[in-house]
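Structural description and commentary
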Amino acid sequence: GLLLVVLLVSHMLLTKEGVTSLPICPNGSGNCQLSLEELFDRAVKLSHYIHFLSSEMFNEFDERYAQGRGFIAKAVNSCHTASLTTPEDKEQAQQIHHEDLLNLILGVLRSWNDPLIHLASEVQRIKEAPETILWKAVEIEEQNKRLLEGMEKIVGRVHSGEVGNDIYTPWDGLPSLQLDDEDSRLFAFYNLLHCLRRDSHKIDNYLKVLKCRLIHDNNC
Amino acid sequence: DLLQWPQISKCRSPEMETFSCYWTAGNFYNLTAPRIVQLLYKKSNEEDWKECPDYITSGQNSCYFNASYTSVWTPYCVQLASKNEVYDKKCFSVDEIVLPDPPVHLNWTLLNTSQTGIHGDIQVRWDPPPTADVRKGWITLEYELQYKEVNETKWKELKPRLSTMVPLYSLKTARDYEIRIRSRQRTSEKFGEFSEILYVSFSQIGIGCDHCTEEVEFPWFLVVVFGVCGLAVTVISIMLSKQPRLKMLIFPPVPVPKIKGIDPDLLKKGKLDEVNSILACHDNYKTQLYNDDLWVEFIELDIEDPDEKNRASDTDRLLSEDHLKSHGCLGVKDDDSGRASCCEPDIPETDFSASDTCDATSDSDQFKKATEKEEDLLCLDRQDNDESLPSLANTDPQRRHRNTQSENSHPWAPFADSIESPRPSVHAQISNQNSLTSTDFYAQVSDITPAGRVVLSPGQKSRLGRAQHEGCTEQNFTVDNTYFCEADVKKCIAVTSHEENEPHVQEQSYKEDGYFTTESLTTTVANFGASTAEPPSSEMPVADYTSIHIVHSPQGLVLNATALPVPDKEFNVSCGYVSTDQLNKIMP
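Everything numeric here is computed off the predicted structure, so don't read it as measured data.

Some points on the side chain of Asp199(A)
Residue and element names in this part refer to chain A. Secondary-structure assignment places Asp199 in helix α7 (residues 182-214). Comment: no salt bridge for buried Asp199; closest opposite-charge side chain is Lys202, at 4.2 Å. In contact with Asp199, other than residues within four places in its own chain, are Thr81, Val108 and Trp112.

A few points about the interface of chain A and chain B
Each partner contributes residues to the interface: chain A has 27 residues there, and chain B has 26 residues. Roughly 2,300 Å² is buried in total at the junction of chain A and chain B, and carbon and sulfur atoms are behind 52% of that figure. Where chain A meets chain B, there are three salt bridges. A salt bridge links Asp133(B) to Lys90(A), with the nearest nitrogen and oxygen atoms 2.6 Å apart. In this assembly, chain A and chain B are joined by 15 residue pairs in polar contact (both at pLDDT 80 or more). Contributing elements (two or more residues each) for the side of chain A that touches chain B: α2 (36-66), α3 (90-95) and α7 of chain A. If you tally residues by element for the side of chain A that touches chain B, the top one is α7(A), at 10 residues.

Considerations on the pairing of strand β8 (residues 104-113) of chain B
All names here are of chain B. Pairing of β8 with strand β9 (residues 119-127), which is carried by seven bridges, proceeds in the antiparallel orientation. Within β9, the residue paired with Val104 across the bridge is Asp127. Two successive antiparallel strands, β8 and β9, enclose a turn made up of five residues, where Gly117 displays a positive phi of approximately 80 degrees.

Remarks on the nonpolar core
Counting residues in hydrophobic clusters, the biggest one holds 86 residues, and the most contacted among them are Met151(A), Val124(B), Leu145(B) and Ile179(B). With 14 residues, the single largest contributor to this core is α7(A). Shared between two domains, this core takes at least three residues from each, and those domains are domain 1 (7-97) and domain 2 (104-205) of chain B. Counting residues in hydrophobic clusters, the runner-up holds 18 residues, among them Cys21(B), Phe65(B), Phe92(B) and Val94(B).

Observations regarding the UniProt feature "transmembrane region" (unreviewed entry) in chain B
UniProt tags residues 218-240 of chain B as "transmembrane region" (unreviewed entry). Helix makes up 91% of residues 218-240 of chain B and strand 0%, with an end-to-end C-alpha separation of 34 Å.

Looking at the pattern of salt bridges
Applying the stated rule across the entire model yields 23 salt bridges over all chains. A salt bridge links Lys136(A) to Glu60(A); the shortest N-O distance between them is 2.9 Å. You can see Lys136(A) sitting in helix α5 (residues 131-158) and its partner Glu60(A) sitting in helix α2, a full 76 residues away along the chain. Taking the relative accessible area as the measure of exposure, Lys136(A) reaches 5% and is therefore buried. The partner of Lys136(B) in a salt bridge is Asp133(B), with the nearest N and O atoms 3.6 Å apart.

Thoughts on the state of the cysteines
Residue and element names in this part refer to chain B. Taken as a whole and assessed by the stated rule, the structure comprises five disulfides over all chains. Linked covalently through their sulfurs, Cys11 and Cys21 form a disulfide whose S-S length is 1.8 Å. Taking the sign of the S-S torsion, about 105 degrees here, the bridge from Cys11 to Cys21 comes out right-handed. Of this pair, Cys11 sits in strand β1 (residues 7-12) while Cys21 sits in strand β2 (residues 19-24), placing them 10 residues apart in sequence. The disulfide bridge from Cys77 ends at Cys91, spanning 1.9 Å between sulfur atoms. Here the disulfide of Cys77 and Cys91 is right-handed, its torsion about the S-S bond being about 100 degrees. With Cys77 in strand β6 (residues 75-81) and Cys91 in strand β7 (residues 86-93), this pair connects stretches of sequence that are 14 residues apart. With respect to class, Cys77 is no different from Cys91; both count as buried.

A few points about the packing of α2(A) against α5(A)
Between two packed helices, the angle of one axis relative to the other and the distance separating the axes together describe the packing. Residue and element names in this part refer to chain A. Packing of α2 against α5 brings their axes to within 9 Å, and their N-to-C directions diverge by 155 degrees. Relative to α5, the element α2 is oriented roughly antiparallel. Along this stretch, α2 crosses α5, giving a crossing that reads as left-handed. When its residues are assigned to classes, the contact of α2 with α5 shows 18 nonpolar, five polar and six charged.

A short note on unusual backbone geometry
Residues and elements named next belong to chain A. Located in the positive-phi region is Asp217, a residue other than glycine, with phi close to 55 degrees. Mapped onto the secondary structure, Asp217 falls in the segment after α7. One non-glycine residue, Asn218, adopts positive backbone phi at about 60 degrees. Looking at where Asn218 falls in the secondary structure, it is placed in the segment after α7.

Comments concerning the sheet that holds β9(B)
Residues and elements named next belong to chain B. On the basis of which strands lie adjacent, the open sheet formed by three strands has the order β8-β9-β12 and antiparallel pairing. A single partner strand is all that each edge strand has here, and the edge strands are β8 and β12 (165-172). Neighbour-to-neighbour, the strand axes of this sheet turn through a mean angle of 25 degrees, independent of strand direction.

About the criteria used
Residues numbered from 1 in each chain as written. Chains lettered and ligands numbered in written order. Predicted model: local features only at pLDDT ≥ 70, side-chain atom pairs only at ≥ 80, totals over all residues. Heavy atoms only, no water. Helix = DSSP H or I, 4+ residues; strand = E, 2+ residues; numbered from the N terminus. Buried < 20%, exposed > 50% of the residue type's maximum accessible area, 1.4 Å probe, protein only. Lys, Arg positive; Asp, Glu negative; His and termini not counted. Salt bridge = Lys/Arg side-chain N within 4 Å of Asp/Glu carboxyl O. Contact = heavy atoms within 4.5 Å. Buried area = accessible area lost by both parts, 1.4 Å probe. Polar contact = N/O pair within 3.5 Å; in protein donor to acceptor, adjacent residues only side chain to side chain. Pairing = 2+ DSSP bridges. Core = buried A, V, L, I, M, F, W, Y, C linked by side-chain atoms within 4.5 Å. Domains from an automatic or database assignment. UniProt positions renumbered as here; feature names shortened; annotations may be inferred. Disulfide = S-S within 2.5 Å. Axes fitted to C-alpha atoms, helices over the stretch in contact; angles between N-to-C directions. Parallel < 35°, antiparallel > 145°, perpendicular 65-115°, else oblique. Left-handed = near helix turned anticlockwise from the far one by under 90°. Nonpolar A, V, L, I, M, F, W, Y, C, P; charged D, E, K, R; others polar.

Below, the structure written as structure tokens:
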């Protein structure tokens, strides 16, 4: 009963905009069960979409606001998720246990929940913010929520034992987004978008690695 | 020579596991002592600059970082420096500089050929670059294939795709093709280098059609011919089809000039009375003609008698006192206001009642003022009293003027607007035309019956003396309209002419609703002419009326301009009204 509800809910989640696959489990169907492969497929699609949006948003912001301000020179920025020890190369990614990796993914996604909400609202206060940036910020925030819920379903399926520690990094960058000084404020946005692009790329990569490992047995 | 500093040209990672940085040495270090250029790097979380671990693997002026030195999502900074100076610096993270190697092992297989053997489909396959670990999902690549004929210069591109095989359709077997592929990381924008070129030659596998040189071009000629035929057939079928809707859709009717309330067909073929009523009803018409003539009094007719159409003839109507104001002669109430409500535009008014309705709905204030005296121009018989005269007199000079200049311009005036138009004016003109020779005669139209007949009214003089003659009052007149019928007029004229032989003869010869025929008018005129010896006072010494030459067609009533005996023209039994041309003939 509970599993059925979980499956139905996850189906509803993962078939929202951004995920283009046809629903296998129409609502209300009793015997429907999404396979793990299907769950992973949808998760990968979502993560790819989020990374795509983040990348574009960063590029647009860079073009529009960051030229000539030397932001790139200050590329040594640290993201708030840096405290989470995530695999930094292929070897590490292959060595980490898939459950740990799943937990890490969840942790990163959760850590971005808050910043994304504030990003969507604060970016509107940027002077003459292009509509595309505004729209993308809102879209990313929505999709991130869905991916988070989908991942929780996957974790529920994959986890053999109890769910691991609730990995989470708080974000305290809101004041920097609300600075009066325009230069500082824009740099704060630049950093945040840069971190978002990077972390979304990480998530996308980890999910693909997991998918190939768990579903296709390292033979994608 | 420009002095060029050493510069980092690019840093690149082919598989997101290692990366290399390349630089240009510049051209100055030959000038002085050879300087040693170093590449230093630093990860974001480190403090010290370290030197490049491998200057060799990637070639000259390069630095290679192997997997152990590479952290993918970590920001790096590299700088090109010698002992004392920093020449260049770059900061990046490895995931941003991924440019995959080109795909390898390109090959093609034949899928099928066309029946003629001229075209063929092939399937191209390749392998991902060996360095990229796609199998474990560490990197996801997409590929772009380009191909062209061997002797062409421009490459055709296919959309980037994830799969490592793609079909190419409809290649010409007689030609050889070149294919190349390049790849990029899926979320990046930049592509890596192109692969080696793959040559496709159908003749090598024996299906080349070397002698199939004829190019089956697209049969444009046939297409055009058939297209035109089909279109013509469609058009013809639409035109001939009885479906009005379809026809209207494809060939919308071209709007033709149309006067609201007047049906051109009716004018051509309809009954006079219908047309007359339409014209009478047509407010714009009158207004146009007389909008300058504020002094022209239009009689407003109150048409309320529902029995109007039952009347035997206009004569009766005109004569009977009962109809004095109501439904009068034409039963058309005229007023200056644009009468949008005047009848249905395309429905001719064929009877008085309809006209009455029409009139009833129109505003008549203006005319009410003008016709304070309720002068019923139409029904002169009734109104033919001194009331009318003053108004006429007032308007005389102007009318005269009008007459001279505007007669021709308002051919229809007397008739079209006869309902309420200044019959008196016309009349006055006629009577006051000193300038006109005695050969100019006008018939004053006193009324236009709904049937389309013109009632010529007695002249002014005749008005004066109207009371006298009551002849021709009979209902013999078949016309129920204001048109004159020969027979009727004859009778009247005959009756009247005998009675008087003076300038007033006309008035007497005209009854209130006098009907005239050519002969009768002629007679009258003749009589009148005889009496023109009298010096014209304020009135025309000449006859007030012209003889009517009623033409056959219902197009109009011709007034003969001369007082001379008018050739016996035929009368139109239907009593057509005078047309413009005919009226013009009347006037000199």
